[in-house]
Amino acid sequence: MDLLSYGDWQSDRTLAESNKFMLQNKIGCDISFLLGKSKEAVQAHSYMLASRSSVFFAMLYGPFDKSDKPIEIPDIEKDIFEQILR
């Protein structure tokens, strides 16, 4: 879907609502995760993860930056991780 087709979704929303809309519609997602034993893919915003977690900040912006490849997290399932993102 063309980004312009979303129309004006920012004006009447809070920052949290706008971020949730972007996540749900995969707008600006720049990091991927492979979750659980089945390695289900989930996209996210690295700036949000880094702004709320020192672990993700170190992982995404530190000397061991691995943001160019999907990050595997085998011990968390997709539905739980998506709840964390929201």
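What about the overall build of the protein?
- Helices and strands together make up the secondary structure of the protein, namely four helices and three strands.
- Of the regular secondary structure in the protein, the N- to C-terminal order runs α-β-β-α-α-β-α.
- Scored against the burial criterion, the 86 residues of the protein give a buried share of 30%.
- A sequence separation of at least 24 residues applies to 43% of the contacts in the protein between residues at least 6 apart.
- On the protein, roughly 6,200 Å² of surface is accessible, and the fraction owed to carbon and sulfur atoms is 55%.

Considerations on the pairing of strand 2 (residues 40-44)
- Where strand 1 (residues 31-35) and strand 2 come together, five bridges link them in antiparallel fashion. Counterpart to Ser32 in the pairing with strand 2 is Gln43.
- Linking two consecutive strands that pair antiparallel, namely strand 1 and strand 2, is a turn of four residues; a positive phi of about 70° is found at Gly36 within it.

Description of the sheet that holds strand 1
- If you walk across this open sheet you meet the three strands as 2-1-3, and the pairing is mixed. With one partner strand each, in any of the chains shown, strand 2 and strand 3 (71-73) form the two edges of the open sheet. Pairs of neighbouring strands in the sheet enclose a mean axial angle of 30°, with direction left out of account.
- Its contacts with the sheet place helix 4 (residues 78-85) against strand 1, strand 2 and strand 3, and it is angled at close to 5° to strand 2.

Considering the pairing of strand 1
- The side-chain alternation of strand 1 yields one buried face, formed by Ile31, Phe33 and Leu35, and one unburied face, formed by Ser32 and Leu34.
- For strand 1 and strand 3, the ladder comprises three bridges, and the chain directions are parallel. Looking at the pairing, Leu35 lines up with Ile73 of strand 3.

Regarding the pattern of salt bridges
- All told, the structure shown has one salt bridge when counted by the stated rule.
- In this structure, the salt-bridge partner of Lys39 is Glu72, at a minimum N-O distance of 3.3 Å. Pair noted here: Lys39 is in the loop between strand 1 and strand 2 and Glu72 is in strand 3, with a separation of 33 residues, a long-range link.
- The exposure class of Glu72 is partly exposed, given its relative accessible area of 47%.

Overview of the layout of surface pockets
- Quantified by volume, the largest pocket comes out at close to 260 Å³.
- Around the largest pocket sit 14 residues that line it, and Leu23, Met48, Ile84, Leu85 and Arg86 are the ones nearest its centre.

About the cut-offs
- Residues numbered from 1 in each chain as written.
- Predicted model: local features only at pLDDT ≥ 70, side-chain atom pairs only at ≥ 80, totals over all residues.
- Heavy atoms only, no water.
- Helix = DSSP H or I, 4+ residues; strand = E, 2+ residues; numbered from the N terminus.
- Buried < 20%, exposed > 50% of the residue type's maximum accessible area, 1.4 Å probe, protein only.
- Contact = heavy atoms within 4.5 Å.
- Areas by Shrake-Rupley, 256 points an atom, 1.4 Å probe, with all protein chains shown as cover.
- Pairing = 2+ DSSP bridges.
- Axes fitted to C-alpha atoms, helices over the stretch in contact; angles between N-to-C directions.
- Salt bridge = Lys/Arg side-chain N within 4 Å of Asp/Glu carboxyl O.
- 1 Å grid on protein atoms, 1.4 Å probe; cavity = no way out; pocket = protein on both sides within 12 Å on 5 of 7 lines; lining within 4 Å.
- Points joined across faces, edges and corners; volume = space filled by probe spheres on them.

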